[in-house]
Amino acid sequence: MTPYDDVEHPSPPQAAAVTPGDVADASRLVSFGLQPKLLPARDAEYAELVRRYRDDTAFARLADAVATGLGLIVLEVSARAGMAVAAAEDSVFAVRLGDYSRRAASESTDRFLHGLAHLAVAALAFPRPEDLADEGYLGRLTVNGVDAFVRQVCRRLEEQADAEGDNTDPVSDAPGLEAAWRVYTRRSATGATKDARRLSGSTIGIVGKAMAFLVDSGFLQKTSDDSGGTFRTTARYQLQVRDLAGSAAMAELLALGVVPVSDGSATLLPPDPTEELVADAGLPFHTS
């Protein structure tokens, strides 16, 4: 027997038991995160749960577990973005671009153009790498500006195809094999119905639908009707585009040089004077 055998050693601290109330609170936080337009600044309960998540590690782990069980990926929990979540591919909450485009368009080529519009919006919203890293950055863009940008991309792709001797028409009965620039440049920018409303199948109409979808998803906020509709980005969209920025499609789009990122400025190349663009198709974002 040693002199220390009769000394009472303190028991290791026990983790606090998880209560049904904790589970309810964690689930409540996740439910707030599934409301894309809601921010902590507008809801006191949401703000308190975000604060608890950031201050209480055990509660944060519980909320993360609830999200994981629902097939959600937690991108960030903060006062600026709330609980920003993305749905995994097998999640019941997943809104796949294919599902969206099937609702928005009946033709397969139109579905392809909707995907192209979303890619262009992401590239224009955060044209420089530092824009994605800067939590205070707000991207600003317009419907007409996005359409002008895509048409410049199409022009660049056409020039590349000419240089490579690959600028030939696709098989007429297989429109799905057309290259992106072939589909987009052949589509009217605006079109019009008998009462002067723009056609939903025009490229401006497609871009407008894509951006309206992003507004409903809490990724963009509309600021005016100028230039076909003017929008600014949200913190939630910045987090989503960070994941997209590493994709091959985004890298290929930026590599075309239509959105220069090397000198730190955010601006489009001057439009080709022979290209017929819609009115007010100016720069869709600012230079700082």
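The rules we used
Residues numbered from 1 in each chain as written. Predicted model: local features only at pLDDT ≥ 70, side-chain atom pairs only at ≥ 80, totals over all residues. Heavy atoms only, no water. Phe/Tyr/Trp six-rings, centres within 6.5 Å; stacked < 30°, edge-to-face > 60°. Helix = DSSP H or I, 4+ residues; strand = E, 2+ residues; numbered from the N terminus. Buried < 20%, exposed > 50% of the residue type's maximum accessible area, 1.4 Å probe, protein only. Polar contact = N/O pair within 3.5 Å; in protein donor to acceptor, adjacent residues only side chain to side chain. Contact = heavy atoms within 4.5 Å. Expected span 1.5 Å × (residues − 1). Axes fitted to C-alpha atoms, helices over the stretch in contact; angles between N-to-C directions. Parallel < 35°, antiparallel > 145°, perpendicular 65-115°, else oblique. Nonpolar A, V, L, I, M, F, W, Y, C, P; charged D, E, K, R; others polar. Core = buried A, V, L, I, M, F, W, Y, C linked by side-chain atoms within 4.5 Å. Pairing = 2+ DSSP bridges. pLDDT = per-residue confidence, 0-100.

K.L.:
Is there a simple way to explain the packing of aromatic side chains in this structure?
P.N.:
What characterises a pair of aromatic rings is the spacing of the ring centres plus the angle enclosed by the ring planes. In this structure the tally under the stated criterion is four aromatic pairs. Look at F126 and Y137: their rings are 5.9 Å apart centre to centre, the planes differ by 50°, and that puts the pair in the tilted class. Here F126 is found in the loop between α5 (108–125) and α6 (129–133), whereas its partner Y137 is found in the loop between α6 and β3 (140–142), with eleven residues between them in sequence. Its relative accessible area of 5% is what places F126 among the buried residues.

K.L.:
Explain the side chain of T233 to me, please; I cannot follow it from the model alone.
P.N.:
Position of T233 among the secondary structure elements: in strand β5 (residues 230–233). T233 sits in the buried class, given a relative accessible area of 0%. Within the local environment of T233, its side chain forms a polar contact with the backbone nitrogen of G139, the two atoms lying 2.8 Å apart. For T233, the contacting residues outside a window of four places in its chain are A125, F126, Y137, L138, G139, L141, F219 and L220.

K.L.:
Looking at this model, I keep getting lost on helix α9 (residues 203–216). Mind explaining?
P.N.:
Given a rise of 1.5 Å per residue, 14 residues ought to cover 20 Å, and the 20 Å separating the end C-alpha atoms of α9 matches this to within 8%. Summarising burial for α9: ten of the 14 residues are buried, a large majority. Taken together, the buried positions of α9 are occupied by T203, I204, G205, I206, V207, G208, A210, M211, L214 and V215. The first or second residue beyond α9 is G218, which carries a positive phi of 80°.

K.L.:
Hey, could you run me through the packing of helix α2 (residues 44–55) against helix α3 (residues 57–69) in this one?
P.N.:
Two packed helices can be described by the angle between their axes and the distance between those axes. For the pair α2 and α3, interaxial distance at closest approach is 5 Å and the crossing angle is 110°. One element, α2, and the other, α3, form an angle in the roughly perpendicular class. Here L49, R52, Y53 and D55 of α2 lie close against α3, whose contacting residues are T57, F59, A60, A63 and D64. Class assignment for the residues of the contact of α2 with α3 results in five nonpolar, one polar and three charged.

K.L.:
I keep staring at the nonpolar core and nothing clicks. Help me out?
P.N.:
In globular proteins that are soluble, nonpolar side chains generally tend to be buried together. Formed by 33 residues in total, the largest nonpolar core has its most connected members in V121, L141, V146, V150, M211, L220 and Y237. Residue assignment for this core shows that the elements contributing at least two residues are α5, α7 (143–163), α8 (180–186), α9 and α10 (235–244). The greatest single-element share of this core, amounting to nine residues, is contributed by α5. Judged by nonpolar contacts, the second largest core, of 19 residues, contains V50, F59, L72 and V77.

K.L.:
Would you take a moment to explain the pairing of strand β4 (residues 220–224) for this structure?
P.N.:
Looking along a regular strand, one sees the side chains alternate between the two faces of the sheet. Strand direction decides the pairing type here: β4 and β5, joined by four bridges, are antiparallel. When the sheet's bridge partners are listed, L220 is paired in β5 with T233. The turn linking β4 back onto β5 is made up of five residues, and S227 within it adopts a positive phi angle of 55°.

K.L.:
Explain the sheet that holds β5 here, please?
P.N.:
Whenever strands of a sheet pair, they do so through backbone hydrogen bonds, lying parallel or antiparallel. Reading across the sheet, the three strands line up as β3-β5-β4 and stay open at both edges, with antiparallel pairing between neighbours. Each end of this open sheet is capped by a strand with a single partner; those strands are β3 and β4. Strand-to-strand, the axes of this sheet are offset by a mean angle of 35°, without reference to chain direction. Across three bridges, the pairing between β3 and β5 is antiparallel. In the sheet register, R140 faces β5, and the bridge partner there is R232. Against the sheet, α7 engages β3 and β5, with an angle of about 80° to β3. Each of β3, β4 and β5 touches α9; the most contacted strand, β4, lies at about 115° to it.

K.L.:
Teacher, can you tell me more about the confidence of the model for the chain here?
P.N.:
Note: predicted coordinates in regions of low pLDDT should not be interpreted at a detailed level. In this model, the chain carries an average pLDDT of 75, and 64% of its residues clear a pLDDT of 70 or more. The secondary-structure element of the chain with the lowest mean pLDDT is helix α4 (residues 97–104), recorded at 56, while α2 shows the highest, at 97. Scored below 50 in pLDDT, residues 193–197 shows three contacts in the model against residues more than four places distant or in partner chains. pLDDT under 50 marks residues 260–272. Its contacts with residues more than four places away, or in other chains, come to 31 contacts.

K.L.:
It is not clear to me how the environment of R242 should be interpreted in this structure. Could you clarify?
P.N.:
Here R242 lies in helix α10. Overall, the relative accessible area of 32% leaves R242 in the partly exposed class. Between the alpha carbons of R242 and P129 there is a distance of 9.2 Å; along the sequence they are 113 residues apart. Apart from the residues within four sequence positions on either side, R242 is in contact with E76, R80, L132, A133 and E135. Of note is the side chain of R242, whose polar atom sits 2.7 Å from the backbone oxygen of L132.

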